Amino acid sequence: MVWSRRACSLPPVDDRVGLLVRYGGEFVDGVVGRASGSFVETVDGRRVLDFTAGQICATVGHNHPRVVAAIERACRDVLHLNSWMLSEPVLALAQRLVGTLPEPLRRVMLLSTGGEGIEAGLRMAKLSSGRFEVLSLTRSWHGVTGGASAVTYAASRHGYGPMVPGAFALPAPYAYRCPIRHCDEVCDCSCLEAGFELFDQVSAGSPAAVVAEPVLSAGGVIVPPPGYFARLAELAHERGMLVMLDECQTGLGRLGTMYGFQVYGVVPDLLVLSKTLGGGVPISALITSSAIERECFGRGFTHVTSHVSDPMPAAAALAVIDVVEEEHLADRARARGHYLLERLGDLQERHEQIGDVRGLGLLCGLELVLSRDTREPADALGLALTDECQRRGLSINLVRGGTGGQASCLRMAPPLTVSEDEIDLAATIIDEALRTVVNRTAAAAAAS
Ligand SMILES: Cc1ncc(COP(=O)(O)O)c(C=O)c1O
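Residues numbered from 1 in each chain as written. Predicted model: local features only at pLDDT ≥ 70, side-chain atom pairs only at ≥ 80, totals over all residues. Heavy atoms only, no water.

Caption draft 1: Representation of the pattern of salt bridges within the structure. Overall, the coordinates contain 27 salt bridges when judged by the stated rule. Ionic pairing is found between E325 and R96, a salt bridge with its closest N-O pair at 2.7 Å. Here E325, found in helix α10 (residues 311-326), pairs with R96, found in helix α3 (residues 88-100); they are 229 residues apart in sequence, far enough to count as distant. Between E367 and R177 there is a salt bridge whose closest N-O contact spans 2.7 Å. (Salt bridge = Lys/Arg side-chain N within 4 Å of Asp/Glu carboxyl O. Helix = DSSP H or I, 4+ residues; strand = E, 2+ residues; numbered from the N terminus.)

Here is the structure:
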């Protein structure tokens, strides 16, 4: 389990919860009735500041009126079509997306989920190259479908049988806990060189693609150093591998630029967007070059899904792009991200349990440790703290940190519309919640 939400003591507990399959640990208590901007509200009137932007999708804020209006309009016009029929929102979205992207990213495929986008990209990389080996980073998260889960290392791989053959791991550039025990605090990309060297030795001679997130989010908010992706692209292209960037979380402004790859000055061969594209509606996009599209088409590329090129989600995505551009959300993410990191830095000065604070734009994390000297991960504290924050009205995710399967990093990814007052409120809640949990633990230890 990567992150698990333990039920915290919030009313009301609804008996119907027992009818649901638990797909990621326990559910958070409370039933949500409404959502707006940075807040969700339970049916009994509790407001919760949402520092996960839903599941990192509501970057324009919950229920943005422009997105709601676009969905309402699409419901009146056309919701869904046969997979080979095209509609105005789909054509307009393809044009709009391509307009935000550099050459050679000129061909767009619209699907429903991030995992589907990754699957499509992997299939295109394999079909166009005639090869099958794929490298991805340890601590990466690309989805739970077959192909995507084979290249995902942040989730437990135990218990689901064999993965798709040909998946290999590159050590993630986790400077706080260098995977090759070489760097400390600042990554010099030795892990990347060592990872490719290792791959060369284990490869069966069929290198097809490298897949990576610009910032590894579920893996513990790991920000690769400047130059990382330029070197990764060089090493991949030397071996004839395509570079696929997974910008499901980072696309459309979150890192302070429209796309994460712009931070690193590279252009991927394949780009996957989802989450942030729909503003809460399921839609993903696989974008590639005309040359790769042509090659795949010539080889009979088939990737028909029930909701490929559906008009309603495309209409929502068009509204999302309008909002991101008109409200200058990438610039706001950059400015508010600095502010959030400053506030988290203040917390680190006050609480010795905060070993590291890191992030880029409005994707930030703080890592909890038992001791700053040993850096031993404090997973139990992380669980207690996320529960206490939830109880006090702040939703944050606990994601991977540490060296094994530990979840000791609190991830914050609020809507990009978040205000400084809301960031202050979140910092105050974390401050008080951390003090409460630490005191409670100390009291329990003294009493035992
Ligand atoms: C970076 C990244 N890629 C891909 C996915 C998979 O997206 P989905 O859950 O929509 O299939 C996720 C989901 O969390 C993600 O965070």
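Still more to cover.
Caption draft 2: Highlighting the sheet that holds strand β14 (residues 397-399). Read from one edge to the other, the open sheet built from four strands follows the order β11-β12-β15-β14, with strand pairing classed as antiparallel. The strands lining the two open edges of the sheet, one partner per strand, are β11 (354-360) and β14. Here the average twist between neighbouring strands, direction ignored, is 25°. Sheet contacts for helix α12 (residues 379-391): β12 (363-368), β14 and β15 (409-412); angle to β14, the most-contacted strand, approximately 165°. (Pairing = 2+ DSSP bridges. Axes fitted to C-alpha atoms, helices over the stretch in contact; angles between N-to-C directions. Contact = heavy atoms within 4.5 Å.)

Caption draft 3: Layout of the site of the ligand. Taken together, T113, G114, G115, W141, H142, G143, E213, D246, C248, Q249 and K275 make up the full set of residues near the ligand. The separation between an oxygen atom of the ligand and a polar main-chain atom of G114 is 2.9 Å. Here a nitrogen atom of the ligand sits 2.6 Å away from a polar atom, N or O, in the side chain of D246. With the chains in place, 81% of the 390 Å² that the ligand exposes on its own is no longer accessible. Each residue belonging to the shell around the ligand can be placed in one class, and the counts come to two nonpolar, six polar and three charged. (Near = heavy atom within 4 Å. Polar contact = N/O pair within 3.5 Å; in protein donor to acceptor, adjacent residues only side chain to side chain. Areas by Shrake-Rupley, 256 points an atom, 1.4 Å probe, with all protein chains shown as cover. Nonpolar A, V, L, I, M, F, W, Y, C, P; charged D, E, K, R; others polar.)

Caption draft 4: Up close: the confidence of the model for the chain. Averaged over all residues, the pLDDT of the chain equals 95, while 97% of them reach at least 70. Note that residues 1-12 has pLDDT below 50 and, in this model, 51 contacts with residues that lie over four places away or in other chains. (pLDDT = per-residue confidence, 0-100.)

Caption draft 5: The sheet that holds strand β7 (residues 207-212), seen in detail. The mixed open sheet is built from seven strands, whose spatial order is β4-β10-β9-β8-β7-β5-β6. The open sheet is flanked by β4 (105-111) and β6 (167-170), the only strands paired with a single partner. When the angles between neighbouring strand axes are averaged without regard to direction, this sheet yields 20°. Across the sheet, helix α9 (residues 290-298) touches β4, β8 (242-246) and β10 (284-289), and the angle it forms with β10 is around 100°.

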